[in-house]
Amino acid sequence: MLTIRSQTPLRLGLAGGGTDINLYCDKYIGFVLNATISLYIHCTLIVKNDGLIVFDSPDTHQKFEYESKERLEFDGKLDIFKAIYNRIVKDFTHKPLSFSLHTYSDVPSGSGLGGSSTLVVGIIKAFVEWLNLPLGDYEIAKLAYEIEREDLGIVGGAQDQYAATFGGFNFMEFYKNKRVIVNPLRIKNYIASELEARTLLYFTNITREAKDIEEHKKGKLGGGKSLEAMHAIKEDAVKMKESLFKADFKTMAKILGKSWQSKKIISEIVSNDELDRIYQLAMKNGAYSGKTSGAGAGGFMFFMVEPTEKYRLIELLNKEQGYVQDFSFTKEGSKSWRI
C-alpha cells in the first residue's frame, strides 16, 4: 500500500504583510518579506482501492468518509480538503481517486502563521508526489492560491502559499493578474542565528479567523489614512530587507514597531486590550519591538528582545494565558516523499 508524506513549513511575516492582497497589489504592487520556521503542517496520504475517500484532521477533531467521485460537494465539513481534491481531478486525473488523507499542524488553527494556506500547499505536494504531476514551485503556490481564494472564496493574500512552497527567507513582489516574483535571500548563517537569538514567539491563546479580519481591512483601502498606512507597510518591507542584509537589528526593530502601528491604522480590530497589555508587558521586560503575526487580533505575537534578557521574558510570558513557542528559521519549503 503506497503511502505519501509531506512536511510544509509555516512562516513568520517580517514586513509588508497585507500588500499581497489583490485589492492592493493589483493597483500598487505589493512587497513582502517573510521567512519559514521549524513549525509544520504534516500530511500523510495513503492510496486505497476501495472506492472511498477519507479525510482525517485529528487536531481539529474532524474525520469524514465519502464515496469516490469526480467532484465532492462543499458542506462546511473540511471543504478545504474537498476543494483541493476537486481541482486535482478536474485539472489532472479527470477520474475519481481513492485514498485516505491525514493532516495535523504543530500549532493551533488561527495562529497567524499562515496555517490554512500551508495546509493547502502540503496536501497539493502530496498529490504531486503520488501522481507525478508536472508542477514546479510557482505552479504549486499559484494553484494553492486559486483553490483558497477563488474556488473557496476565502479572503486573503498570496504570501503564505509562496512562503510554504519556496521556504527560507524571501522578498516577494506581487503584481496584478496573480503575477508573483519570489526573490530568495542569501542571508548569512550568523545573521539568521542572531535574528533567532533576538526573536521570541508567543502564542496568545486567542484564536481568530483571518478571513474576518481581511474582510474588515478590505473596506478600508479606498484611500485616506488606511491607504497611506499600506504604502508605508510596503516601504517597510524594502527597508527591512536592507537592514536584514546589514545585520542592523536595531533598525529592524524600529521598522517592526512602525509596521505594527500602521497595521492598527488600517483596521482597529487587529489588536485588542489583551494584546496591547501583553505588548506593553514585553516592552517593559526586555523587548524593544514587536507585533502580531499574520492578520492580527490574536494568534502569535513575536518580539525582538535583547538576548541577555530573553530568558527572563520567556519566564514572565509563560505565566500569562499563552506560552512561548520554540522555533528556528528554516531553508527548505514544502517537501514530500513516498514509502
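Attention in this report is confined to the structure presented alongside it. Quantities reported herein were computed from a predicted structural model and do not represent experimental measurements.

Conventions used here
- Residues numbered from 1 in each chain as written.
- Predicted model: local features only at pLDDT ≥ 70, side-chain atom pairs only at ≥ 80, totals over all residues.
- Heavy atoms only, no water.
- Helix = DSSP H or I, 4+ residues; strand = E, 2+ residues; numbered from the N terminus.
- Rg over C-alpha atoms; globule rule 2.2 N^0.38 Å.
- Buried < 20%, exposed > 50% of the residue type's maximum accessible area, 1.4 Å probe, protein only.
- Areas by Shrake-Rupley, 256 points an atom, 1.4 Å probe, with all protein chains shown as cover.
- Lys, Arg positive; Asp, Glu negative; His and termini not counted.
- Charge placed at Lys NZ, Arg CZ, Asp CG, Glu CD.
- Arc of directions from axis to C-beta.
- Contact = heavy atoms within 4.5 Å.
- Core = buried A, V, L, I, M, F, W, Y, C linked by side-chain atoms within 4.5 Å.
- Pairing = 2+ DSSP bridges.
- Axes fitted to C-alpha atoms, helices over the stretch in contact; angles between N-to-C directions.
- Phe/Tyr/Trp six-rings, centres within 6.5 Å; stacked < 30°, edge-to-face > 60°.
- Lys NZ or Arg CZ within 6 Å of the ring centre and 35° of its normal.

For the chain, the helix and strand inventory stands at 11 helices and 12 strands. For the chain, the C-alpha radius of gyration of 20 Å lies close to 20 Å, the compact-globule estimate for 339 residues. Taking the principal axes of the C-alpha coordinates as reference, the chain spans close to 60 × 45 × 40 Å. Per-residue burial over the chain gives 57% buried out of 339 residues. Carbon and sulfur atoms make up 49% of the accessible area of the chain, which totals about 14,500 Å². Side-chain charges of the chain comprise 45 positive and 43 negative groups, with the mean position of each set lying 4 Å from the other.

Looking only at helix 6 (residues 189–198), the buried set comprises Ile-191, Ala-192, Leu-195 and Arg-198. What you see down the axis of helix 6 is that its buried residues fit within an arc of 125 degrees, all on one side.

The next point concerns the side chain of Ser-259. Within the secondary structure, Ser-259 sits in helix 9 (residues 249–266). When neighbours within four sequence positions are excluded, Ser-259 is seen to be in contact with Ile-233 and Asp-236.

So, about the nonpolar core. Counting residues in each nonpolar core, the largest one holds 70 residues, and the members touching the most others are Leu-45, Phe-55, Phe-99, Ile-124, Phe-127 and Phe-169. When sequence neighbours within four positions are dropped, the list of residues in contact with Phe-55 reads Gln-62, Lys-63, Phe-64, Tyr-66, Leu-72, Leu-78, Phe-81, Lys-82, Tyr-85, Phe-99 and Leu-101. Grouped together as the second largest cluster of nonpolar side chains are 17 residues, Val-270, Ala-287, Met-301 and Leu-313 included.

To continue, consider the sheet that holds strand 10 (residues 300–305). Taken together, four strands build an open sheet; the order of strands is 9-10-8-11 and the sheet is antiparallel. For this open sheet the edge positions go to strand 9 (287–292) and strand 11 (323–325), each flanked by a neighbour on one side alone. Within this sheet the neighbouring strands show an average axis-to-axis angle of 30 degrees, counted without direction. Note that strand 9 and strand 10 share five bridges and pair antiparallel. Note that in strand 10 the partner of Thr-292 across the bridge is Met-301. Seen against the sheet, helix 10 (residues 273–283) touches strand 8 (199–203), strand 9 and strand 10 and runs at an angle of roughly 160 degrees to strand 9.

Attention shifts here to the environment of Ala-287. Mapped onto the elements, Ala-287 comes out in strand 9. Taking C-alpha positions, Ala-287 is 9.1 Å from Thr-199, a pair spaced 88 residues apart along the chain. Ignoring sequence-local partners within four residues, the contact set of Ala-287 consists of Ala-282, Phe-303, Met-304, Val-305 and Leu-313.

Our next topic: the packing of aromatic side chains. In total, this model carries 17 aromatic pairs according to the counting rule given. On the numbers, 5.0 Å between centres and 45 degrees between planes, the contact of Phe-169 with Phe-329 is tilted. One end of the pair, Phe-169, is in strand 6 (residues 169–174); the other, Phe-329, is in the loop between strand 11 and strand 12 (335–338), and 160 residues separate them in sequence. Comparing Phe-169 with Phe-329 shows no difference in burial state: the two are buried. Each ring, one from Phe-203 and one from Phe-300, has its centre 4.9 Å from the other, and the planes form 50 degrees; the classification is tilted. Separated by 97 residues along the polypeptide, Phe-203 in strand 8 and Phe-300 in strand 10 bring together distant segments of the chain. The pair formed by Phe-203 and Phe-300 is uniform in burial state, with each residue classed as buried. The positively charged end of Lys-241 is found above the aromatic ring belonging to Phe-171, 4.3 Å away from the centroid.

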